[in-house]
Every structure is written in C-alpha cells, then in structure tokens.
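Geometric and topological summary
Spelled out, the chains give:
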There are 2 protein chains.
Amino acid sequence: MVSRVELGDFTPDLDVYLGLAAYLQLALFESLGRASSIAPSTRAKALTGLVATSTLERHKALLVEIERAGKDASDVMQPHTDVIDDFQHRTGGGDWHETMLATFVGAGLLNDVFSRLAAGLPADYRERVVAALEWNAATDEAEIVAELSLAIGADPKLASRLALWGRRLVGDTLLVARAAISASHESADDERLEPVFTELIAAHTRRMDSLGLTA
Amino acid sequence: MVSRVELGDFTPDLDVYLGLAAYLQLALFESLGRASSIAPSTRAKALTGLVATSTLERHKALLVEIERAGKDASDVMQPHTDVIDDFQHRTGGGDWHETMLATFVGAGLLNDVFSRLAAGLPADYRERVVAALEWNAATDEAEIVAELSLAIGADPKLASRLALWGRRLVGDTLLVARAAISASHESADDERLEPVFTELIAAHTRRMDSLGLTA
C-alpha cells in the first residue's frame, strides 16, 4: 500500500474550496435529474433519486459552512461555474448507465480529492466538511455498483462501452481535480503532485474493478 | 371563508397513495434538475437546488413510509408512472421561470390535495405523511415568490407569459388531482367533488395573486 500523500499544502482559501465543492454537488444533481428522466426502469429511477438526495444533502451541508464563513453562496460558487459546467457537459453521459458510472467514478474521485484537500482547512471547518462530503457516499456507491453490475452482466456490449466511457471520465475528472489544487497559493508543479495522481488513478482502477470493468 | 371540504372519504389505499405521492416528488425533482441546468443566474440555480433538496427529502420520507408498510418502493410507484410522467412533460416548463412557477402553483396545489387526502390514511401514518409533504414547503414557496416577483417586476412580457402558463398549469394539475381521488374505492362524482375543486382553484388564485399575476 502506497503511503497516502497529503494534499493539505494545496488547500485553497476556505471560500474558494467551499464554492467549488458546493457548486460541484449542484452540477452532479443536474446530471442525476437528467439521468432520472431517462432511467431504464422505475427501480433505476428510484436509485437515481436516492443518489441525488445524498448529493443535494452534501450541497446543503456545504452551504451551511459557507453561511458560517459569512459568505454568500452564489458569490462563492460563481467563479467556478465555467470549469464545473464544462466538466458536467463532458461527463454528464449519454444514457442512464453512463451517468451513473460518471457519478460513481467521477464524483468518487473528486470526493477523494476534496476530502484530502480538507486537511488544510481551518480546524473548526475540517471535520464538518469531510463529514458533509462523505455523507451516505459508501451506501450510494454500493447501490450503484449493484445496479450497474447487473446491467453489465446481462449485456457484454454495455460492458465494453462503459469501460471506454470510464477511461474518458478519468481524464476529465482529473482536470477538475487539478483546477481545485491549482486554486491554492502553493505552486502545484507536476513532480510534487505525481504521487497524488498515481493514488487517485489507483483508486479509480479499484472502482472500475468493482464493476468488472478494465480501467 | 368557505368551510374546508374533507377529502378523507376519497383516500386511496395506503400503498396507492404513497406510490403516487412518492413518484410525484421524483418527477418534480427531474423538472428541477432541468431547470437548474438552464437557470438564468447562479443565484437562481442555487435556489433551484434548495427547492430540489426539499422535494427529494419529501420523496425520501415517503419512501420510509412505504418501507414501513412492508412494500417495495419501485412496485408501488410503477402503476403511476404514466399519469405522472405525462403531467411532468406537460408542465415541466420551457424555461427556468416556467418550471419554477409550475413548482410553486402545480406542486403547491397537489400538496394541498395530498394533505387533504391524508385524512383518510391509517391513523399511525397520517401525521408523518402530512409532515413529509409539508416539509420546508412554506420556506421554499416564499423564496420562489421572492425570486419570480423580481423577474416579473423587471419584465412585463414575462408577466403575461407566466399568467398564461399558470392558467394552463391549473388544468393539467387538476387532472392529476382527479387521478389521485379516483384511485379511491369511493365513487368520485363531479357533484360531490365540486366544492373541493372550487377551493383548490381559490388557493391557486391566491398563489398567482402573490406573484401579481392574474389567475
């Protein structure tokens, strides 16, 4: 097991961090809304609703922290709309399965990044922010894996399409991770960050493995 | 003030009621997801996210009641997908303002109907279901009214477009109300129901008035 590289040195200012994290959850909710409207079954739609609920509860918990910091939610989210909207358009997915894979592997990877970046937040925010980000994440991931695995098992073509989609997702997702890290005052040169990205990609590979897909 | 007509005689079976109410919240969430992606500002988007959060929290609370009743959520929602999906397509709205008006007046009217129908639910479910339906509704409505009123005040063309849209919404919404009432074992003839519909339309008119729009 590689030692976990700390990202605490690269934590952006509190309001930058919170604005980015809160707006990301809002963008994920939009993708999940679209996924729900094209879900292949009522069961899939119900699952989408549950995952969206957690996403919005994370968003809401982050808004509470923004308010605690004395800032306006729209103001702190505004500077990040371009990078996140672009991410959302690229990774929203063409059908229900692609969107759910994006939620599992893309949002999963970004949650890893934000949880690590939280190490550099003021001590009185850190724990609450990590709790907000991780709220219900393990349960949601397990449910997505169960549903996607069923679909993949029943359709080999879907498996190869999702494997390809997963590879594309990781690139787009790492761009957002890099944007979050680059928002700090620390010089984020590639050499210092390489071990972090190696670990993030390893975690991505484990997620793809859990679906029986090649990363 | 007209005396409040009870709808308790027209309450459908518990699982029919819960399936319909839970699926309706899921459909509202989908419309709000689409609205969020076309919101005219980050502030409007943030408001959409808050309203969607409440919608999904209502949905989740209704799922808890479905589970308590020993039923499967997808099974009890399934029979209602056609009527609600059709409602959602007709009332989803063409832009952010239309969707938010639909959430305010359409969902508001249906919440009135479901709250009244709850009178005929088993006593141990009634209070929790009404609490689920009303969760955060007053706060959300106030915020939607504030934001829409600003936009309407700034744009007379928007005011007349939304007045027209509100008139169309009420018809489509009453169809869903009627479907909910017709799902009971009681014969829902027009004469018995007329006072109910009169009151519902009066409440609709008050909502439109609060926006300065003619119903």
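Under an unreviewed UniProt entry, chain A has the name Hydroxylase and belongs to Frondihabitans sucicola.

**Concerning the interface of chain A and chain B**
Across the contact, 27 residues belong to chain A and 27 residues belong to chain B. The interface formed by chain A and chain B holds four salt bridges in total. The salt bridge involving Lys60(A) is made with Glu57(B); its shortest N-O contact spans 4.0 Å. Counting every contact that joins chain A to chain B gives 10 residue pairs in polar contact (both at pLDDT 80 or more). Elements supplying a minimum of two residues to the side of chain A that touches chain B: helix H1 (14-37), helix H2 (42-68), helix H3 (73-77) and helix H4 (81-91) of chain A. Its residues assigned to classes, the side of chain A that touches chain B shows 11 nonpolar, 10 polar and six charged.

**Considering unusual backbone geometry**
Residues and elements named next belong to chain A. One non-glycine residue, Asn 136, lies in positive phi territory at about 65°. Structurally, the position occupied by Asn 136 is in the loop between helix H6 (123-134) and helix H7 (137-154). Judged by relative accessible area, which is 27%, Asn 136 ranks as partly exposed.

**Thoughts on H2(A)**
With 27 residues, H2(A) extends 39 Å from end C-alpha to end C-alpha; this agrees with the ideal 39 Å at 1.5 Å per step. Taken from the residues just after H2(A), Gly70(A) is the one with a positive phi, measuring 75°.

**A few points about the UniProt feature "domain: Ferritin-like" (unreviewed entry) in chain A**
The positions UniProt marks with the feature "domain: Ferritin-like" (unreviewed entry) are residues 18-178 of chain A. Within the segment residues 18-178 of chain A, helix and strand shares are 86% and 0% respectively, and the terminal C-alpha atoms sit 16 Å apart.

**Here's the deal with the relation of the copies chain A and chain B**
Mapping chain A onto chain B is achieved by rotating through 180° and translating by 0.0 Å along the same axis, at an RMSD of 0.0 Å. Such values leave the two copies arranged in the relation of a two-fold axis. If distances are taken from each C-alpha of chain A to the rotation axis, the shortest is found for Gly33(A), at 2.3 Å.

**Quick notes on the packing of aromatic side chains**
According to the stated counting rule, one finds three aromatic pairs over all chains in the structure shown. Directly above the ring of Tyr125(A) sits Arg128(A), whose terminal nitrogen or CZ lies 5.4 Å from the centroid.

**Details of the pattern of salt bridges**
By the definition in use, this model includes 32 salt bridges over all chains. The partner of Glu98(A) in a salt bridge is Arg161(A), with the nearest N and O atoms 2.9 Å apart. Of the two residues, Glu98(A) sits in helix H5 (residues 96-117) while Arg161(A) sits in helix H8 (residues 156-182), which places them 63 residues apart along the sequence. Taking relative accessible area as the criterion, Glu98(A) reaches 11% and is therefore assigned buried. Here Arg192(B) ties to Glu186(B) by a salt bridge, and the two come within 3.1 Å at their closest N and O atoms. What emerges from the salt-bridge pattern is a single network uniting Asp9(A), Glu186(A) and Arg192(A).

**Brief notes about the environment of Leu47(A)**
Residue and element names in this part refer to chain A. Checked against the element boundaries, Leu 47 lands in helix H2. Once the C-alpha coordinates of Leu 47 and Ile 181 are considered, the two residues, 134 residues apart in sequence, prove to be 32 Å apart. In this structure, Leu 47 is in contact with Trp 96, Met 100, Glu 143, Ile 144 and Glu 147, ignoring residues within four places of it in sequence.

Conventions we followed
Residues numbered from 1 in each chain as written. Chains lettered and ligands numbered in written order. Predicted model: local features only at pLDDT ≥ 70, side-chain atom pairs only at ≥ 80, totals over all residues. Heavy atoms only, no water. Contact = heavy atoms within 4.5 Å. Salt bridge = Lys/Arg side-chain N within 4 Å of Asp/Glu carboxyl O. Polar contact = N/O pair within 3.5 Å; in protein donor to acceptor, adjacent residues only side chain to side chain. Helix = DSSP H or I, 4+ residues; strand = E, 2+ residues; numbered from the N terminus. Nonpolar A, V, L, I, M, F, W, Y, C, P; charged D, E, K, R; others polar. Buried < 20%, exposed > 50% of the residue type's maximum accessible area, 1.4 Å probe, protein only. Expected span 1.5 Å × (residues − 1). UniProt positions renumbered as here; feature names shortened; annotations may be inferred. Least-squares fit on C-alpha atoms with pLDDT ≥ 70 in both. Phe/Tyr/Trp six-rings, centres within 6.5 Å; stacked < 30°, edge-to-face > 60°. Lys NZ or Arg CZ within 6 Å of the ring centre and 35° of its normal.

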